[in-house]
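Here's the letter readout for the chains.
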Amino acid sequence: MNFSSKLLEQAVLEFGRLPGVGQKTALRLVLHLLKQPEADVMRFTEALNRLKQEIRYCTTCHNISDHTICEICASHKRDKGLICVVEDTRDVMAIENTNQYHGVYHVLGGLISPMDGIGPSDLQIDSLVSRLEKGGIHEVILALSATMEGDTTIFYLYKKLKDFGIQISTIARGIAFGGELEYVDEVTLGRSIATRVPYERSIA
């Protein structure tokens, strides 16, 4: 693609680094911003700067937060003895939108994937074990995507947590194999949470 301006080319290059954004889409976004009032563009860039500089990760569950402890972990209305383990913040948002879950979360920050060089030590697994060691947990729901990486991570977590003597569940597989939670409709995801099954039953 030939550009009439080096500044335009650089901006398109940066937008094109975003996941799912091709060069044509990046160009369309940049040209759109150029047409906007300067105040709107400044507000946009300020929001991005604040996001990067001020965002926090909950010290308990590792969810993205504005504070040291996220609103979910801080809420007195939540069942603190029920932990739903998810891959990332997108999955927390997807499950919250179902209005079917009232426990707390634990965000792993990824899935075990040897092909990508991601092992257990790269995820927030030790902190999950620490939460169980403190006591007061009666169930852990392993709500990970129905992919090879998700199943591998679930099996690893089950081996790590099974000796704590708590219920370890997985979401019901109304979700097709290969499906990621963030793309599942809210009704199906909510039903999968509500009709979760003990993990040992799924591997028997």
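Quantities reported herein were computed from a predicted structural model and do not represent experimental measurements. (Residues numbered from 1 in each chain as written. Predicted model: local features only at pLDDT ≥ 70, side-chain atom pairs only at ≥ 80, totals over all residues. Heavy atoms only, no water.)

**Q** Can you tell me about the overall build of the protein, naming the residues and giving the values?
**A** When you go through the protein residue by residue, the secondary structure sums to nine helices and seven strands. Per-residue burial for the protein yields a buried fraction of 39% across its 204 residues. Within the protein, contacts between residues separated by at least 24 positions form 56% of all contacts whose residues are at least 6 apart in sequence. In the form shown here, the protein has an accessible surface area of approximately 12,500 Å², with 53% of it arising from carbon and sulfur atoms. (Helix = DSSP H or I, 4+ residues; strand = E, 2+ residues; numbered from the N terminus. Buried < 20%, exposed > 50% of the residue type's maximum accessible area, 1.4 Å probe, protein only. Contact = heavy atoms within 4.5 Å. Areas by Shrake-Rupley, 256 points an atom, 1.4 Å probe, with all protein chains shown as cover.)

**Q** Talk me through a nonpolar patch on the surface; I want residue IDs and the actual numbers.
**A** Together, Phe44, Leu48 and Leu51 line one region of the surface with nonpolar side chains, adding up to about 280 Å² of accessible area. Along the chain, leucine 51 turns up in helix H3 (residues 38-54). (Patch = residues over 30% accessible without salt bridge, like charges linked within 9 Å, V, L, I, M, F, W, Y side chains within 5 Å. Salt bridge = Lys/Arg side-chain N within 4 Å of Asp/Glu carboxyl O.)

**Q** Tell me about the state of the cysteines, and name the residues and values.
**A** Considering all chains together, one arrives at zero disulfides under this definition. The closest cysteine sulfur to the non-disulfide-bonded cysteine 70 is located on cysteine 61, 3.7 Å from its own sulfur. (Disulfide = S-S within 2.5 Å.)

**Q** Summarise the pairing of strand E4 (residues 103-107); cite the residues concerned and give the values.
**A** In terms of burial, E4 is a largely internal element, five of the five residues being buried. One ladder, built from five bridges, connects strand E3 (residues 79-86) with E4; its direction is parallel. Following the sheet pairing, valine 85 is matched in E4 by histidine 106. Regarding topology, helix H5 (residues 89-96) serves as the crossover connection from E3 to the parallel E4, and that connection is right-handed. (Pairing = 2+ DSSP bridges. Right-handed = clockwise from strand over helix to strand, strands pointing away.)

**Q** Can you lay out helix H6 (residues 126-133) for me, pointing to particular residues and giving the numbers?
**A** Every buried residue of H6 is accounted for by Leu128, Val129, Arg131 and Leu132. Each buried residue of H6 lies within a common arc of 155° when the element is viewed along its axis, so the set occupies one face. Among the exposed residues of H6, those oriented more than 90 degrees off its buried face are Asp126 and Glu133. Here the buried face of H6 lies against E3, E4, strand E5 (139-142) and helix H7 (148-161). (Arc of directions from axis to C-beta.)

**Q** Explain the pattern of salt bridges to me, and be specific about the residues and the numbers.
**A** Across all of its chains, the model carries seven salt bridges by this definition. The shortest N-O distance in the salt bridge between glutamate 14 and arginine 17 comes to 3.3 Å. Residue classification places arginine 17 among the exposed residues on the basis of a relative accessible area of 56%.

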